[in-house]
Amino acid sequence: SQELEQSPQSLIVQEGKNLTINCTSSKTLYGLYWYKQKYGEGLIFLMMLQKGGEEKSHEKITAKLDEKKQQSSLHITASQPSHAGIYLCGADEETSGSRLTFGEGTQLTVNP
Amino acid sequence: DVKVTQSSRYLVKRTGEKVFLECVQDMDHENMFWYRQDPGLGLRLIYFSYDVKMKEKGDIPEGYSVSREKKERFSLILESASTNQTSMYLCASRVPGWKTQYFGPGTRLLVL
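Here we summarise the structure given alongside this text. The shown structure was predicted, so the numbers you read here are calculated from the model rather than taken from an experiment.

Conventions adopted
- Residues numbered from 1 in each chain as written.
- Chains lettered and ligands numbered in written order.
- Predicted model: local features only at pLDDT ≥ 70, side-chain atom pairs only at ≥ 80, totals over all residues.
- Heavy atoms only, no water.
- Core = buried A, V, L, I, M, F, W, Y, C linked by side-chain atoms within 4.5 Å.
- Buried < 20%, exposed > 50% of the residue type's maximum accessible area, 1.4 Å probe, protein only.
- Helix = DSSP H or I, 4+ residues; strand = E, 2+ residues; numbered from the N terminus.
- Contact = heavy atoms within 4.5 Å.
- Disulfide = S-S within 2.5 Å.

Glancing now at the nonpolar core. Of all hydrophobic cores here, the largest spans 22 residues; its most connected members are Leu19(A), Ile21(A), Leu32(A), Trp34(A), Leu74(A), Tyr87(A) and Leu108(A). Secondary structure elements with two or more residues in this core: strand S2 (10-14), strand S3 (19-25), strand S4 (32-37), strand S5 (43-49), strand S7 (61-65), strand S8 (71-76), strand S9 (85-92) and strand S11 (106-111) of chain A. Apart from the residues within four sequence positions on either side, Leu74(A) is in contact with Leu19(A), Thr20(A), Ile21(A), Trp34(A), Met47(A), Ile61(A), Thr62(A), Ala63(A) and Tyr87(A). With 20 residues, the next largest nonpolar core counts Leu21(B), Trp34(B), Ile46(B) and Val66(B) among its residues.

If you want it as structure tokens, here you go:
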């Protein structure tokens, strides 16, 4: 089955700094999803990437999928305390299009 | 907006009790999922359902069962709760294909 490795596991940054979270797969990614989770709550969908080289942005968050479709990155520009939380990547398992495999998550702390 | 609701946010049960966790979605999604989330282990799939009365084991089905009698409702059952089932339980639903899963707010279960 597919495995997703996220790095770093945790990140502490000063407000205003840029940061990047990576998600690497052992297999080709057919659909890659980024979610954000606040402590003790459910996951909120951020973005989905499907094509090699694809890049999407929402406000100050940009997600990219590499050309080989095995690695994705999430970049936050000028971080704010509201960006704090756990970021998880999820991927469709091969061509099933139904169940997702998730990375372990990256805990982001933004200090004011 | 898609809404996924879970019957309880917090639950405290005793070892050996039968526990029911309910999940309801309002968008007529065919697929529904139950995960548990533990520190250091990420999200792990317990069971999922492709449609009414259909179910598939996920990665950690032992000690759990599920029921899907109606399309909008997916129940997770702990037949005899044990302390190692103390966890955060997350329900999700999805339209089949390359679409995101939508998550409920989670149920934090403590088994004493």
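So, about the state of the cysteines. Residue and element names in this part refer to chain B. Overall, the coordinates contain two disulfides over all chains when judged by the stated rule. Between the sulfur atoms of Cys 23 and its disulfide partner Cys 91 the distance amounts to 1.8 Å. Handedness here is read from the sign of the S-S torsion; for Cys 23 and Cys 91, about -75°, the answer is left-handed. With Cys 23 in strand S3 (residues 19-25) and Cys 91 in strand S9 (residues 87-94), this residue pair connects regions lying 68 residues apart in the sequence. Note on accessibility: Cys 23 and Cys 91 belong to one class, buried.

Looking now at unusual backbone geometry. All names here are of chain A. Cis rather than trans, the peptide bond between Ser 7 and Pro 8 has omega equal to -10°. Position of Pro 8 relative to the elements: it lies in the loop between strand S1 (4-7) and S2. If you check the backbone angles, Glu 59 has positive phi at about 55° while not being a glycine. For Glu 59, a relative accessible area of 73% corresponds to the exposed category. One non-glycine residue, Ala 78, lies in the positive phi region at around 50°. Tracing the backbone through its elements, the reader meets Ala 78 in the loop between S8 and S9.

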